[in-house]
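Take a look at the letters that make up each chain.
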Amino acid sequence: MDESVLAPLNYLAERIHPLETWAYDPPDGHPRFNGKLCAYPIQIKNARECFEGISREYGFGCLHRPSVVSDFCDDEAIRTKVYAETAEWVKDTLQASSVVVFDHTYRRRLKHRPPLDGTGGSFSKIRTPVGRVHADFTPVSAPRRIASLIGRKPDDQLPPYKIFGVWRPLNRRPLQDAPLALAAASSVTSDELVTNAIIYPERRGETFAVLHNKHHQWFYFPEMVRDEILLFLHYDSECSEHPTVPHTAFEDPGSPPDAEPRESLELRMLVL
């Protein structure tokens, strides 16, 4: 396999305040995302050639973990069997005292493979791959989510915790469409993370958009199979400078025109 690919990644073009993404059509007719994106050509390294297992420095890794579940469209099986097996894998891998899986998202790219331009994905009727560089939790949204999970108030003192994600391709053949690229946590600083308010009909959340820096180190795992998972850091309550692994789907230049559109399942979990 080649050591790297050159592919465009969609970064936030400039810092905007307030930066907002609406989960539904705004009442004033404005676009759902008020920021501007810029596609930068990025060398994305083949992580299989760089390390095995989980890299603590980078904040992610790929593991061979076949699931007992074969039908990933069965929501009940995901919430029971997949949540349980994933929690055990992560607890063992990270030597954690406790792991609680608290949500999941199924994604499927449409058959005509619409562009990964960063404007859709998260809140479409069919959740499609997110084609812009982002991170899922901020110093505001992470403790708020964890406090609600463990029965605390948002301003309560919380124990040290991490939030991790597990991502699995669901295609029957090795994945060739819209793989996931991950930035090494150690290469991204907090001043490059821009708060992006997520506006729902009944509440507001927050994620991070990301400003480009040539020092970011990007990786991916080519041709993942459904018996493999990516484990990566969403948020570390004890690390203010490098608290997260930004990530994005991207167009692999080596992907054949008839590649099977990507299907994937992602889970997020509290790790103590």
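Up top is the structure.
Conventions adopted
Residues numbered from 1 in each chain as written. Predicted model: local features only at pLDDT ≥ 70, side-chain atom pairs only at ≥ 80, totals over all residues. Heavy atoms only, no water. Helix = DSSP H or I, 4+ residues; strand = E, 2+ residues; numbered from the N terminus. Buried < 20%, exposed > 50% of the residue type's maximum accessible area, 1.4 Å probe, protein only. Contact = heavy atoms within 4.5 Å. Areas by Shrake-Rupley, 256 points an atom, 1.4 Å probe, with all protein chains shown as cover. Lys, Arg positive; Asp, Glu negative; His and termini not counted. Charge placed at Lys NZ, Arg CZ, Asp CG, Glu CD. Core = buried A, V, L, I, M, F, W, Y, C linked by side-chain atoms within 4.5 Å. Phe/Tyr/Trp six-rings, centres within 6.5 Å; stacked < 30°, edge-to-face > 60°. Lys NZ or Arg CZ within 6 Å of the ring centre and 35° of its normal. Pairing = 2+ DSSP bridges.

(A) Main features of the overall build of the chain. Counting its regular elements, the chain contains two helices and 15 strands. For the chain, the spread of C-alpha atoms along the principal axes amounts to about 50 × 45 × 35 Å. Here the chain, with 272 residues, has 53% of them falling under the buried criterion. Contacts spanning at least 24 positions in sequence make up 77% of the contacts within the chain whose residues lie at least 6 apart. Here the chain has roughly 13300 Å² of accessible surface; of this, 50% comes from carbon and sulfur atoms. Averaging the coordinates of the 32 positive side-chain charges in the chain and doing the same for the 38 negative ones gives two points 4 Å apart.

(B) Examining the nonpolar core more closely. The biggest cluster of nonpolar side chains holds 41 residues, and the ones touching the most others in it are Phe60, Phe221, Leu230 and Met269. Of all the secondary structure elements, the ones that give two or more residues to this core are strand E5 (60–64), helix H1 (75–94), strand E6 (99–108), strand E8 (162–169), strand E9 (180–183), strand E13 (228–236) and strand E15 (263–271). In terms of residues, this core owes the most to one element, H1, which gives eight residues. Among residues more than four places away in sequence, those in contact with phenylalanine 221 are Ala47, Arg48, Phe51, Phe60, Gly61, Cys62, Leu182 and Leu230.

(C) Expanded view of the packing of aromatic side chains. All told, the structure shown has 13 aromatic pairs when counted by the stated rule. Here the aromatic rings of tryptophan 22 and tyrosine 24 are separated by 5.4 Å at their centres, their planes lie at 75°, and the arrangement is edge-to-face. Overall, the relative accessible area of 27% leaves tyrosine 24 in the partly exposed class. Between tyrosine 220 and phenylalanine 250, the aromatic rings sit 5.4 Å apart at their centres with planes inclined by 90°, giving edge-to-face as the arrangement. A residue pair is termed long-range when its members are at least 10 positions apart, and tyrosine 220 in strand E12 (residues 218–220) and phenylalanine 250 in the loop between strand E14 (247–249) and E15 qualify at 30 residues. One aromatic cluster in this structure is built from Phe51, Tyr58, Phe60, Phe219 and Phe221. Above the plane of the ring of tyrosine 200 lies arginine 203, whose end atom (NZ or CZ) is 4.0 Å from the centre.

(D) Local environment of helix H2 (residues 141–150). Residues Ser141, Ala142, Pro143, Ile146 and Ala147 constitute the buried set of H2. The secondary structure elements touched by the buried residues of H2 are E6, E8, strand E11 (204–210), E13 and E15. Once H2 ends, the next one or two residues include glycine 151, with phi positive near 75°.

(E) Looking closely at the pairing of strand E3 (residues 37–46). Across nine bridges, the pairing between strand E1 (residues 4–12) and E3 is antiparallel. The residue of E3 that forms the bridge with leucine 9 is tyrosine 40.

Note that all results are geometric; they support no functional claim without further evidence.
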